[in-house]
Amino acid sequence: MSAGKSARTTKTVSGNYFEDFAIGQELVHATPRTLSDGDVALYTALYGTRFAVTSGASFAQSLGMDRMPMDSLLVFHVVFGKTVPDISLNAVANLGYAAGRFGVPVYAGDTLQTTSKVIGLKPNKDGKTGVVYVNSIGTNQGGVVVLDYVRWVMVRKGDVDAVVADAVIPDLPGAVAAENLTIPYDLTGRDYDTALAGSPYLWDDYEVGERIDHVDGMTIEESDHMLATRLYQNTAKVHFNQHVQQGDRFGRRLIYGGHIISLARALSFNGLANGLCVAAINGGTHCNPTFAGNTVYAWSEVLDRVELPGRSDVGALRIRTVATKDLACADFPYKGEDGRYAPGVVLDFDYTVLMPRRA
Amino acid sequence: MSAGKSARTTKTVSGNYFEDFAIGQELVHATPRTLSDGDVALYTALYGTRFAVTSGASFAQSLGMDRMPMDSLLVFHVVFGKTVPDISLNAVANLGYAAGRFGVPVYAGDTLQTTSKVIGLKPNKDGKTGVVYVNSIGTNQGGVVVLDYVRWVMVRKGDVDAVVADAVIPDLPGAVAAENLTIPYDLTGRDYDTALAGSPYLWDDYEVGERIDHVDGMTIEESDHMLATRLYQNTAKVHFNQHVQQGDRFGRRLIYGGHIISLARALSFNGLANGLCVAAINGGTHCNPTFAGNTVYAWSEVLDRVELPGRSDVGALRIRTVATKDLACADFPYKGEDGRYAPGVVLDFDYTVLMPRRA
Amino acid sequence: MSAGKSARTTKTVSGNYFEDFAIGQELVHATPRTLSDGDVALYTALYGTRFAVTSGASFAQSLGMDRMPMDSLLVFHVVFGKTVPDISLNAVANLGYAAGRFGVPVYAGDTLQTTSKVIGLKPNKDGKTGVVYVNSIGTNQGGVVVLDYVRWVMVRKGDVDAVVADAVIPDLPGAVAAENLTIPYDLTGRDYDTALAGSPYLWDDYEVGERIDHVDGMTIEESDHMLATRLYQNTAKVHFNQHVQQGDRFGRRLIYGGHIISLARALSFNGLANGLCVAAINGGTHCNPTFAGNTVYAWSEVLDRVELPGRSDVGALRIRTVATKDLACADFPYKGEDGRYAPGVVLDFDYTVLMPRRA
């Protein structure tokens, strides 16, 4: 069945292994990506998101924007997707996020690129894997930062006998500080229309420790998560190749964790409708895998209510959104008494949203 | 598994129950929505629609339009979707439509909003439900009407002991009158290219009572109808949550009735290719539920051929399109001798299309 | 269940049969189609394509383009789709392609139309079918050619007793000659950024006979291929109607062959990342059918490395890309010793890409 005797060469990308990374190493990731109204429509079709400022241009303009910005998480996925061929093609697991700050808003027509710098390396005791910490920066066509974040990921060694340096673990903040948030909105002197936004509850109405069951559930199909993940040009094989995955321990394609983040954020509209945008990603854990056929639910807790320096029009809420699979959230499922995530919990996401304040 | 002792509050939308509605009540629905070329592309991908005036800008321009208008039914779904959280989140069934008149065409970049007024209330004898009649009006960013229609829906009572007023049932027209139609096209003195449009048959060629089997069938997948329904920001839970639906009497997610309307209209191209746009919705019944895996077919009957006041370039056809599931339409399946819809019939849709006349 | 006594007419398109075609016959195909950023986003979501020049506007501009061109294969599918109702609605099989030359690039906002001319007819010995050769030409709104190609297809006779003329078989080139290629890029004096493009390998680095396993696999879902095929307004029934297909010999919907071409080209990024665009289609065979659930892999062989007249900035590679189903390509599966395609081989596609040369 083979085609015979002509030459075989290797021009394919096989990704980096743990021993290929070095502290301070910089990577320019491939494939600049122009985002358009088409991506916005697809993002709506994939998640049913309803936040007014990223749905209606007239609403965005009522908040002083010239044009309608894109959802921060669409930007996150595109910036993240570019890093996969270089950082996580040989990853075992995506372990965490920190220090994620969104920069200038992204508009239809903007072209995004990503570069990464290796800021930490920790060989695992098993000798077969290690943890790579990268600081990735997404920029628009003008070179202006749209997202700056850290993630760490467990990566296989290509050669288990490769000698690797001692661990360097970066110092990461617990949450992005208020003074480091970019606030693209200025509502001073403007009327914020809560009826059009979908909720009367503003920043002032939330209390630290308050919990909200977002009630609704969304079942995921194979086509949905693959369309999304391809849209983000994320090439991680586990999401796409059933022929290989059927021999894996789960026997299924794994759903990209970011797909769950976007679903959870879309579900959070029901209870957090005035969360204008995700301004920071403080941390996040993909606690359990999700598969096609799972129904995702979500609940949120207000971790902090933060005043923004010099601003009385807009405040920040630090939110933990927990997503579950096939498990309604009326009882706020989270961790067991042993401190481990309950089996149905799939995402523990710590992020900061901006929200209008009462005049 | 619960997260412990912090406060629980209710900021989620639980929708209105029958006793929450009052005659004359006005509702401003949330989430303005900017429609774009991205929505047009998705609409094509979801239904395969081929009507030339909403597919090719050059064709629309040949009919005197500056730009290519969007499909009327895309407008319908978006205007309708906004009403769901306030009107039909607790609905048992969507019972009917009437008096639907499309206004100015919608173009890429337009932002749509919807308001509704309660115009009828009818408590059911079971004491548990009632019928709510609403007149919903969709407008663009200039406040100009793009769609004005009535629908009625059976809604649960939240408290079965709630006292409700006597029935008020609105007077609704059997069909939208010709003088109330908006005609966005002026073909006077223009050549209408039937080859590019896909059919030589114009308004003059159709006869009242004529029936057309649209022949083709389209199988629906879960992803397809959920992508569509999320695109319209329609939040009705029965379309999305298999985890809950599996305990329902059907055990399945129900497909949004509007998805069937759009499929039937797309199928009707084969026989009604010169139907430029849906100008009015005279009535409609979702006779039976549809589920993923069903193959939808359609046939149409010409109910009326209507001259438009002062116009010799364009006429109107009042059409009944009947859609079926897993049932070819060569025999025009409709109602049994008992007057009830045949089991395979899923849609009985009465609407008015505009069509060029012979010079 | 039938609706009774009103008139039945036939205004539906039933397609042409073999005896309906005549040498020299010209067909104007219906439904002009405006392509937009929405189609580009969907194309990315469907295939995950990452070629920089059709992904990032800034990258296209760095190659001297005013705007970002669309993927040639999206153009191919749209131009092709229009021919289906007139050419291949009664087709048994799509047999081959030749002499496909892409013309001016297509940009968002362009409107495409297609016309075809019958250039060959060959009755089959079974008396029931024949082969129709058509030269189809796609043009933009300015009437400028975007694609000119030949395909041949086996079509049923409507009346097996119909008398048909003797065979006329057109003379077709083995490959499109270099002087007939349109080269939309001028890289003279420009820096080509291989990091952003995703590969350091340029035209000079490939050798005739070289083979590349593209490694990655992509599993196809029913929604994916139907969304794609509807996007292209391709109406061939076998792709959409499970209710009919379940009685067919495969019992399944067949996936549009062009969907496999696009998947294979997207997979070829891993090894051929600097293949700027498909400039010519020299030939192609859909060797075996594909169905939802299949995982598609691909490998390529460099058939020729061609200098372009008067150009030192860009060269052409003639490539054979072979796609398989549920069969990894490390061994380059192709044909058996009997010269027949191996069972897992689904596509044998011979085409020409443009690629930057070393300065």
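Above this text is the structure in question.
Residues numbered from 1 in each chain as written. Chains lettered and ligands numbered in written order. Predicted model: local features only at pLDDT ≥ 70, side-chain atom pairs only at ≥ 80, totals over all residues. Heavy atoms only, no water.

**Considering the pairing of strand β9 (residues 277-286) of chain B**
All names here are of chain B.
Then, in step 1: Burial analysis of β9 places eight of its 10 residues in the buried class, the great majority of the element.
Then, in step 2: The sheet contact formed by strand β3 (residues 91-102) and β9 spans three bridges and is antiparallel. When the bridges of β9 are listed, Gly100 appears paired with Ile281.
Then, in step 3: Pairing of β9 with strand β12 (residues 345-356) involves eight bridges; the strand directions are antiparallel. Looking across to β12, one finds that Gly284 is bridged to Phe349. (Buried < 20%, exposed > 50% of the residue type's maximum accessible area, 1.4 Å probe, protein only. Helix = DSSP H or I, 4+ residues; strand = E, 2+ residues; numbered from the N terminus. Pairing = 2+ DSSP bridges.)

**Comments concerning the interface of chain B and chain C**
Then, in step 1: Each partner contributes residues to the interface: chain B has 57 residues there, and chain C has 41 residues.
Then, in step 2: Summing the contributions of chain B and of chain C, the shared interface buries around 3,900 Å²; its carbon and sulfur component is 55%.
Then, in step 3: Considering only the side of chain B, the residues that lose the most area to chain C are Arg50, Leu196 and Arg211 of chain B, jointly responsible for 16% of the buried surface there.
Then, in step 4: Elements that contribute at least two residues to the side of chain B that touches chain C include exactly α1 (37-47), α2 (57-62), α4 (194-197), β7 (211-213), β8 (218-219), α5 (222-231), α8 (269-272) and β10 (295-306) of chain B. (Contact = heavy atoms within 4.5 Å. Buried area = accessible area lost by both parts, 1.4 Å probe.)

**Thoughts on the packing of aromatic side chains**
Then, in step 1: With the rule as written, the count across this model stands at 42 aromatic pairs over all chains.
Then, in step 2: Ring plane angle 45 degrees and centroid distance 5.7 Å describe the contact between Phe76 of chain B and Phe80 of chain B, whose orientation is recorded as tilted. Residue Phe76 of chain B and its partner Phe80 of chain B are located together in helix α3 (residues 72-88), separated by four residues, close to a single helical turn. One exposure class covers both Phe76 of chain B and Phe80 of chain B, and it is buried.
Then, in step 3: Taking 5.6 Å as the distance between ring centres and 80 degrees as the angle between the ring planes, the aromatic pair formed by Phe59 of chain C and Tyr192 of chain C counts as edge-to-face. (Phe/Tyr/Trp six-rings, centres within 6.5 Å; stacked < 30°, edge-to-face > 60°.)

**Here we look at the relation of the copies chain A and chain B**
Then, in step 1: Between chain A and chain B, the superposition needs a rotation of 120 degrees and an axial shift of 0.0 Å, giving an RMSD of 0.0 Å. Here the copies are linked by what is in effect a three-fold axis. No C-alpha of chain A lies nearer the rotation axis than that of Gly38 of chain A, which sits 2.2 Å from it.
Then, in step 2: The residues that chain A uses at the interface reappear at the interface of chain B in only 7% of cases, marking distinct surfaces. (Least-squares fit on C-alpha atoms with pLDDT ≥ 70 in both.)

**Remarks on the pattern of salt bridges**
Then, in step 1: The full count for this structure, using the stated rule, is 45 salt bridges over all chains.
Then, in step 2: For Arg33 of chain A, the salt bridge is made with Asp39 of chain A, and the minimal N-O distance between the two is 2.7 Å. Accessibility classification places Arg33 of chain A together with Asp39 of chain A in one group, the buried group.
Then, in step 3: The salt bridge partner of Arg230 of chain C is Asp224 of chain B, with a shortest N-O separation of 3.5 Å. (Salt bridge = Lys/Arg side-chain N within 4 Å of Asp/Glu carboxyl O.)

**Focus on helix α3 (residues 72-88) of chain C**
Residue and element names in this part refer to chain C.
Then, in step 1: Along its length, α3 shows its largest kink, about 35 degrees, at Lys82, and proline Pro85 lies within four residues downstream of that point.
Then, in step 2: Within α3, 17 of the 17 residues are buried, which leaves the element mostly enclosed by the surrounding structure.
Then, in step 3: Where α3 begins, one side-chain oxygen reaches toward the backbone nitrogen of Leu73, 2.9 Å away; that side chain belongs to Asp71. (Bend = angle between axes of the 7 residues up to and from the residue. Polar contact = N/O pair within 3.5 Å; in protein donor to acceptor, adjacent residues only side chain to side chain.)

**What to know about the packing of helix α1 (residues 37-47) of chain A against helix α3 (residues 72-88) of chain A**
All names here are of chain A.
Then, in step 1: At a minimum axis distance of 11 Å, the contact between α1 and α3 shows a crossing angle of 105 degrees. Here α1 is positioned roughly perpendicular relative to α3, judged by the angle of their axes. Contacts from Asp39, Val40 and Tyr43 in α1 reach Leu73, Leu74 and His77 in α3.
Then, in step 2: Partitioned by chemical class, the residues of the contact of α1 with α3 number four nonpolar, one polar and one charged. (Axes fitted to C-alpha atoms, helices over the stretch in contact; angles between N-to-C directions. Parallel < 35°, antiparallel > 145°, perpendicular 65-115°, else oblique. Nonpolar A, V, L, I, M, F, W, Y, C, P; charged D, E, K, R; others polar.)

**Considerations on the environment of Lys237 of chain B**
Residue and element names in this part refer to chain B.
Then, in step 1: Locating Lys237 in the fold gives a position in the loop between α5 and α6 (242-245).
Then, in step 2: A relative accessible area of 36% means that Lys237 is categorised as partly exposed.
Then, in step 3: A sequence separation of 123 residues divides Lys237 from Thr114, and the C-alpha atoms of the two residues are 20 Å apart.

**Considerations on helix α5 (residues 222-231) of chain C**
All names here are of chain C.
Then, in step 1: A large share of α5 lies buried, amounting to 10 of its 10 residues.
Then, in step 2: Restricting attention to buried positions, one finds in α5 the residues Glu222, Ser223, Asp224, His225, Met226, Leu227, Ala228, Thr229, Arg230 and Leu231.
Then, in step 3: Positive backbone phi, approximately 55 degrees, marks Gln233, located one or two places after α5.

**Examining the side chain of Asn274 of chain A**
Then, in step 1: Relative to the helices and strands, Asn274 of chain A is located in the loop between α8 (269-272) and β9 (277-286).
Then, in step 2: In this structure, Asn274 of chain A is in contact with Tyr192, Ala197, Ser199, Pro200, Tyr201, Leu202, Leu354, Met355 and Pro356 of chain A, ignoring residues within four places of it in sequence.

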